[in-house]
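# Understanding the architecture of this molecule
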Amino acid sequence: MNHDYSQMCPKFEKAMELIGKRWTGLIMRVLMGGPKRFKDIKEQIPEMSDRMLTERMRELESCNIVVRRVYPETPVRIEYELTEKGKDLKAVVDAIGDWAARWE
């Protein structure tokens, strides 16, 4: 079977670029457990800088994978949660985890 990848689907390329960015997969795995505050995500991925976490969260928000919810409490509480689009990536993230466990 011969495939011609010279005309790679731009949507596939964009998705791989997003998911393949450093830290993105880990952030998504953390959020698969439900809504989290910034500090909770940071605690589970301590090697990542605050600046990088902020940058990745903004990217995921702009792609409608994560939603940022602000609760007007004192002090203000902010939580991040996967959208339906983000939750739909669970099978992909799980499959990558399974592959890594088997081959890495």
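For the structure given in this document, a descriptive report is provided here. Because the structure is a prediction, the values reported are computed rather than measured.

### Remarks on the sheet that holds strand S3 (residues 77-82)
Strand order in the open sheet formed by three strands is S1-S3-S2, with antiparallel pairing between adjacent strands. Looking at which strands have only one partner, the edges of the open sheet turn out to be strand S1 (36-37) and strand S2 (66-71). With six bridges joining them, S2 and S3 adopt antiparallel strand pairing. Across the sheet, the residue bridging to valine 70 is isoleucine 78, located in S3.

### A look at helix H4 (residues 50-62)
Counted at 1.5 Å a residue, the expected span for H4 with its 13 residues is 18 Å, and the 18 Å between its end C-alpha atoms agrees. Within the sequence span of H4, burial applies to Met52, Leu53, Arg56, Met57, Glu59 and Leu60. Seen from one end, H4 has its buried residues packed into an arc of 160°, which puts them on one side. Looking at H4, the residues exposed on the side facing more than 90 degrees away from the buried face are Arg51, Arg58 and Ser62.

### Things to note about the pattern of salt bridges
Tallied over the full model, the rule gives ten salt bridges. We note a salt bridge from aspartate 40 to lysine 39, for which the minimum N-O separation is 3.4 Å. Put simply, arginine 51 and glutamate 55 hold a salt bridge, and the shortest N to O gap is 3.4 Å. Of this pair, arginine 51 and glutamate 55 both sit in helix H4, four residues apart, roughly one helical turn. Judged by relative accessible area, glutamate 55 falls into the partly exposed class, the value being 31%.

### Side note on the packing of helix H2 (residues 24-31) against H4
Between H2 and H4, the shortest axis-to-axis distance is 10 Å and the interhelical angle comes to 75°. When the interaxial angle is binned, H2 and H4 end up roughly perpendicular. Contacts between H2 and H4 pair Thr24, Ile27 and Leu31 from the former with Leu53, Arg56, Met57 and Leu60 from the latter. Residues of the contact of H2 with H4, tallied by class, amount to five nonpolar, one polar and one charged.

Scoring rules and cut-offs
- Residues numbered from 1 in each chain as written.
- Predicted model: local features only at pLDDT ≥ 70, side-chain atom pairs only at ≥ 80, totals over all residues.
- Heavy atoms only, no water.
- Pairing = 2+ DSSP bridges.
- Helix = DSSP H or I, 4+ residues; strand = E, 2+ residues; numbered from the N terminus.
- Expected span 1.5 Å × (residues − 1).
- Buried < 20%, exposed > 50% of the residue type's maximum accessible area, 1.4 Å probe, protein only.
- Arc of directions from axis to C-beta.
- Salt bridge = Lys/Arg side-chain N within 4 Å of Asp/Glu carboxyl O.
- Axes fitted to C-alpha atoms, helices over the stretch in contact; angles between N-to-C directions.
- Parallel < 35°, antiparallel > 145°, perpendicular 65-115°, else oblique.
- Contact = heavy atoms within 4.5 Å.
- Nonpolar A, V, L, I, M, F, W, Y, C, P; charged D, E, K, R; others polar.

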